[in-house]
Every structure is written in C-alpha cells, then in structure tokens.
Amino acid sequence: MSGAVSPGEGLDVHRRRTHFRAWHRGMREMDLILGRFADANIADLSLDELDAFDALMEEQDRDIFAWLTGETTTPDDQDTPFFRKLAAFTGATLR
C-alpha cells in the first residue's frame, strides 16, 4: 500500500455513502461531475445540502446532465441553491 488517504476516510457514514454514490452513477460523465464535486465539497456540506445532494442523485443521470449542460431547462423543483452550487462548481450555465 502507498499510504494514500481515501477521499471518504474520516467522514461519517452518511457522507461516505453519498460520496460513494456520487462516483458510481452508471454514466461516466456524471461520475466525473458528481464525484469530483463530492471530493471537493462533501466534508463541508450542511445536512440540508447533503440531503439535497442525495435527492438530486435520485434523478436520472441523463436529466441531470441535460440540466447542467443547458440542453434542457432545469425544472423548478430542482432549481435549488444546492443545484446552483453544483452548477457553479462545474461552470455550467443554466437555462
């Protein structure tokens, strides 16, 4: 072993589970978007933001990708402060 620290190490169970789900979406593009966001932010998300992240990951990958790329308009129920934080992290321009 190299002694490298896992990105999920030191996180509570909820954050580790959310982090894992972010990296194991099924659509590689979403793995990279959500996984990198989780790597950078999971430890600092509030409980409300963590719940919003979990709720977002219940949506279909293709839909989230379309919202972030501006291919389709983000639905009102998903146009949340958390989603805007994710979009800002990715550099997305939302419709």
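This text goes with the structure placed above it.
Draft legend 1. Highlighting the overall build of the chain. Summing up its helical and strand segments, the chain has 5 helices and 0 strands in all. If you list the helices and strands of the chain from N to C, you get α-α-α-α-α. A compact globule built from 95 residues would reach a C-alpha radius of gyration of about 12 Å, and the chain, at 13 Å, matches this within 12%. Nonlocal contacts in the chain, meaning residues at least 24 apart in sequence, comprise 54% of its contacts between residues at least 6 apart.

Draft legend 2. The arrangement of the side chain of Asp 31 in detail. Tracing the sequence through the fold places Asp 31 in helix α2 (residues 28–41). Take Asp 31: its relative accessible area is 8%, and that puts it in the buried class. From its side chain, Asp 31 meets the backbone nitrogen of Arg 25 in a polar contact 2.6 Å long. Each residue touching Asp 31, except ones within four places of it in the same chain, is listed here: Ala 22, Trp 23, His 24, Arg 25, Gly 26 and Arg 36.

Draft legend 3. Quick look at the nonpolar core. If you look at the biggest cluster of nonpolar residues, it comprises 21 residues, and the most contacted ones within it are Leu 34, Phe 53, Leu 68 and Leu 86. Listed by contribution, the elements that provide at least two residues to this core are α2, α3 (47–56), α4 (61–69) and α5 (81–90). The dominant element in this core, judged by the number of residues it contributes, is α2, at 5 residues. Those residues in contact with Leu 34 that lie beyond four places of it in its chain are Ala 22, Arg 25, Phe 53, Met 57 and Leu 86.

Draft legend 4. Structural detail: the packing of helix α1 (residues 13–23) against α2. Put simply, α1 and α2 touch, their axes get as near as 6 Å, and they point 150 degrees apart. With respect to their mutual orientation, α1 and α2 come out roughly antiparallel. On α2, the residues touching His 19, Ala 22 and Trp 23 of α1 are Arg 28, Met 30, Asp 31, Leu 32, Leu 34, Gly 35, Arg 36, Ala 38 and Asp 39.

Draft legend 5. Structural view of the side chain of Arg 15. Tracing the chain through its elements places Arg 15 in helix α1. Those residues in contact with Arg 15, other than ones at most four positions away along the chain, are Ile 42, Ala 43, Leu 45, Leu 47 and Leu 50.

Draft legend 6. Summary view of the pattern of salt bridges. As enumerated under the stated definition, the model contains 8 salt bridges in all. As a salt-bridge pair, Arg 21 and Glu 58 come within 3.1 Å of each other at their nearest N and O atoms. Here Glu 58 lies in the loop between α3 and α4 and Arg 21 lies in helix α1, a separation of 37 residues in the sequence. With relative accessibility at 57%, the residue Glu 58 sits in the exposed group. Between Glu 71 and Arg 62 there is a salt bridge, with the nearest N and O atoms lying 2.6 Å from each other. Given a relative accessible area of 44%, Glu 71 falls into the partly exposed group. Salt bridges here are not isolated pairs; linked through shared partners, they connect Arg 21, Asp 54 and Glu 58.

Rules of the game
Residues numbered from 1 in each chain as written. Predicted model: local features only at pLDDT ≥ 70, side-chain atom pairs only at ≥ 80, totals over all residues. Heavy atoms only, no water. Helix = DSSP H or I, 4+ residues; strand = E, 2+ residues; numbered from the N terminus. Rg over C-alpha atoms; globule rule 2.2 N^0.38 Å. Contact = heavy atoms within 4.5 Å. Buried < 20%, exposed > 50% of the residue type's maximum accessible area, 1.4 Å probe, protein only. Polar contact = N/O pair within 3.5 Å; in protein donor to acceptor, adjacent residues only side chain to side chain. Core = buried A, V, L, I, M, F, W, Y, C linked by side-chain atoms within 4.5 Å. Axes fitted to C-alpha atoms, helices over the stretch in contact; angles between N-to-C directions. Parallel < 35°, antiparallel > 145°, perpendicular 65-115°, else oblique. Salt bridge = Lys/Arg side-chain N within 4 Å of Asp/Glu carboxyl O.

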